[in-house]
Amino acid sequence: MNSSSLVVERIEAGAFGHWLAQAQAALRGRGGMDVPCGECVGCCTSNYSILLRPVDAALDIVPASVLSSVPGMHYPHAKMNPRSDGSCPMFSSGRCAIYAQRPQTCLDYDCRVFAAAGMQAGDDKPVINRRIRAWVFNYENAAAQRAHQAIQSAARFIRQHADAFPHGWVPRTPAGIAVLALKVHEVFLEQSRMPDCIADQITAIVQASQRFDAV
Ligand code: SF4
């Protein structure tokens, strides 16, 4: 093993409290994320199906041949499935061919949510996983650090007790779990106020999620 293989890449992810407020607003449809992607094209090459919504201008320019229907959603909701090599059908010559009109799904994607939740993006997403390991947040204050710890505790709990939640309630994808952990982390902010039994903890988490979505 040479010394260069021991070098761990570090990329500034920004101030955690600021990132969290921005991510919460984005989840409520009030703004997008400003991700310092640099040269990374991980999300365009990592086996994601990209949802197109009626508001997306991309619907008018993406060839119909790469669109398919979305189970449970009506047209003009559609999705672009990845090519066999995992790349998006709009990824060409190392870049997005419709960058100016890329869908909201792409504008919202921020792999720092995995770093926030202490998770990887999935075994089929090595490029994104490498980026997740490299992200380093800084903390404006103790509250921001506590919030980060609470999101990681929430993600751990949800994965550990997924089968104890109501059927179908826990998302199946790592991205879904990371987002859910962000939404319900308030439950884990003060461990001393956490209910004793698992069933009550799960009830508190479900209620926190409902509160988040209601705002
Ligand atoms: S539409 Fe563009 S930005 Fe979105 S995944 Fe495809 S190539 Fe990437």
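Please read all numbers here as calculations on a predicted model, not as lab measurements.

### Some thoughts on the site of the ligand
Argument step 1. Taken together, Cys43, Cys44, Ile50, Cys88, Met90, Phe91, Cys96, Ile98, Arg102, Pro103 and Cys106 make up the full set of residues near the ligand.
Argument step 2. Here the shell around the ligand is built from residues that sort into 10 nonpolar, no polar and one charged.

### Thoughts on the environment of threonine 45
Argument step 1. Relative to the helices and strands, threonine 45 resides in the loop between helix 1 (16-27) and strand 2 (50-52).
Argument step 2. Judged by C-beta crowding, with 19 C-beta atoms within 10 Å, threonine 45 ranks as partly exposed.
Argument step 3. If near-sequence neighbours (up to four positions away) are discounted, threonine 45 is found in contact with Gly86, Ser87, Phe91 and Val127.

### Some words on the sheet that holds strand 4 (residues 78-80)
Argument step 1. In space, the three strands of this open sheet follow the order 2-4-3, with antiparallel pairing throughout. Strand pairing shows two members of the sheet lacking a second neighbour, strand 2 and strand 3 (67-68), which therefore form its edges.
Argument step 2. In terms of strand pairing, strand 3 meets strand 4 through two bridges, oriented antiparallel. Bridging from a neighbouring strand, leucine 67 pairs with methionine 80 of strand 4.

### Considerations on the domain arrangement of the protein
In many reports, interface size means the accessible area that the parts give up when they come together.
Argument step 1. Taken domain by domain, the protein holds domain 1 (12-35 + 110-215) and domain 2 (44-109).
Argument step 2. Computed over C-alpha atoms, the centres of domain 1 and domain 2 are 25 Å apart.
Argument step 3. Contacts between the two partners involve eight residues from domain 1, matched on the other side by six residues from domain 2.
Argument step 4. In terms of residue class, the side of domain 1 that touches domain 2 is made up of four nonpolar, one polar and three charged.

### Points about helix 1
Argument step 1. The end-to-end C-alpha distance of helix 1 is 16 Å, a good match for the 16 Å that 12 residues give at a rise of 1.5 Å each.
Argument step 2. Inspection of helix 1 places Phe16, Trp19, Leu20 and Ala23 among the buried residues, and these make up the whole buried set. Buried residues along helix 1 cover an arc of 100° about the axis, so they all sit on one side.
Argument step 3. Its buried side turned inward, helix 1 meets strand 1 (11-15), helix 3 (112-117), strand 7 (135-138), helix 5 (142-160) and helix 6 (174-184).
Argument step 4. One or two steps after helix 1, the chain reaches glycine 29, where phi turns positive at roughly 75°.

Reading the values: the criteria
- For every chain, the first residue of the written sequence is number 1, and numbering continues from 1 along that sequence.
- Totals for whole chains, interfaces and linings use every residue, but because this is a predicted model, local features are given only for residues with pLDDT of at least 70 and side-chain atom pairs only at 80 or more, for both listing and counting.
- Any residue qualifies as near a molecule or strand once its backbone-derived C-beta atom lies within 6 Å of it.
- Asp, Glu, Lys and Arg are counted as charged, while Ala, Val, Leu, Ile, Met, Phe, Trp, Tyr, Cys and Pro are counted as nonpolar; the rest, among them Gly, fall into the polar class.
- Elements are defined by DSSP. Helices are runs of H or I of four residues or more, strands are runs of E of two residues or more, and each kind is numbered from the N terminus.
- Field definition: a residue is buried when 20 or more other C-beta atoms are found within 10 Å of its C-beta, exposed when 12 or fewer are, and partly exposed for counts in between, with C-beta atoms placed from the backbone.
- Contacts are defined on C-beta atoms placed from the backbone: any two residues whose C-beta positions lie within 7 Å are in contact.
- The rule for pairing is simple: two strands pair if DSSP sees at least two bridges between them.
- Annotation comment: domain bounds sourced from an automatic or database domain assignment.
- The length a helix should cover is 1.5 Å for every residue beyond the first.
- The arc in question is traced by the directions running from the helix axis to the C-beta atoms.

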